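Observations on chain architecture
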Amino acid sequence: MVLVRYNPWQELNALERHINGLFGDTRVPSARLEKSFIRVPAAELHETDDAIHLKLELPGLEAKDLDIQVTQDAVHISGERKSETKTQDKSITKSEFYYGKFQRVIPLSARVQNTNVTADYKDGILNLTLPKSEEEKNKVVKVNLEQPAA
């Protein structure tokens, strides 16, 4: 019989491999599991000196189905993709589309003027331009170094 030294990290490494395998799996999940996933729109943030540009991917939604609220430090987006119900005799439909409500809160890295936000929604892409508040634009402060007295 061989004596093997116990390594507590071995169990954590096995768990990490298992979790990585779950996220790396490219197969389509079953419909039973799919219903439990919460879908949120993918976002892309780009920050300039004057504004924060937020781009959201919202395919298949109409503008009337979206609710967008902007505070000085976050963007709250909610909406609903409604299913298209078709009734046909002797037909079966299998769908991987997600239908239902979603909501997402995106924290912003700088305070914005939430009263001057502009939005553009085209081809399922929502573009928000969030101008920074004046205090954020003037946030750079020059520090003077005093020479010690000799």
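Our subject in this report is the structure included herewith. Position numbers for residues start from 1 in each chain and track the written sequence from start to end. It should be noted that, the model being predicted, local features are given only for residues of pLDDT at least 70 and side-chain atom pairs only at 80 or more, the latter also being counted only at that level, while totals for whole chains, interfaces and linings use all residues. Side-chain metrics rest on all non-hydrogen atoms present in the structure, leaving aside hydrogens and water.

1. Concerning the overall build of the chain
For helices the rule is a DSSP run of H or I covering at least 4 residues; for strands it is a run of E covering at least 2, with both sets numbered from the N terminus onward. Summing up its helical and strand segments, the chain has 3 helices and 7 strands in all. Walking the chain from its N terminus toward its C terminus, one meets helices and strands in the order α-α-β-β-β-β-β-β-β-α. Total accessible area computed for the chain in this model is approximately 13,000 Å², and 52% of it derives from carbon and sulfur atoms. The protein chains shown are the only cover counted for residues, whose accessible areas, like all others here, come from Shrake-Rupley with a 1.4 Å probe.

2. Let's talk about the pattern of salt bridges
One side-chain nitrogen of Lys or Arg within 4 Å of one carboxyl oxygen of Asp or Glu is enough to make a salt bridge. In the structure shown here, the tally under the stated rule is 3 salt bridges. One salt bridge in this structure joins Lys132 and Glu47, with 2.7 Å as the shortest N-O distance. Of the two residues, Lys132 sits in the loop between strand S7 (125-131) and helix H3 (134-137) while Glu47 sits in strand S1 (residues 43-47), which places them 85 residues apart along the sequence. Throughout this description, buried means an accessible area under 20% of the type-specific maximum (1.4 Å probe, protein chains only), exposed means over 50%, and partly exposed covers the range between. Given a relative accessible area of 8%, Lys132 falls into the buried group.

3. Quick look at the nonpolar core
Leu54, Leu56, Leu58, Val75 and Leu130 are the most contacted members of the largest nonpolar core, which totals 17 residues. Listed by contribution, the elements that provide at least two residues to this core are strand S2 (51-57), strand S3 (66-70), strand S4 (74-81), strand S5 (100-107) and S7. Contacts: residue pairs with any heavy atoms within 4.5 Å of one another. When sequence neighbours within four positions are dropped, the list of residues in contact with Leu58 reads Pro41, Leu66, Phe102, Tyr121, Gly124 and Leu126. Nonpolar cores are built from buried Ala, Val, Leu, Ile, Met, Phe, Trp, Tyr and Cys residues. Side-chain atoms within 4.5 Å join them into one set.

4. Some words on the sheet that holds S7
Strand pairing is assigned whenever DSSP detects at least two bridges linking the two strands. One open sheet holds the 4 strands; their spatial order is S1-S2-S7-S6, and the pairing between them is antiparallel. Among the strands making up the open sheet, the edge pair consists of S1 and strand S6 (118-122). If you compare each strand with its neighbour and ignore which way they point, the axes differ by 15° on average. Of the strand pairs in this sheet, S1 and S2 are connected by 5 bridges, and their pairing is antiparallel. Paired with Ala43 across the two strands is Leu56, which belongs to S2. Helix axes use the C-alpha atoms of the stretch in contact, all axes being lines fitted to C-alpha atoms, and the angles between their N-to-C directions lie in the range 0 to 180 degrees.

5. Quick look at the sheet that holds S3
Read across the sheet, 3 strands follow the order S3-S4-S5 without closing on themselves; strand pairing throughout is antiparallel. Pairing within the sheet leaves two strands with one partner each, and these edge strands are S3 and S5. Strand-to-strand twist across the sheet, computed as the mean angle between neighbouring axes with direction ignored, equals 10°.

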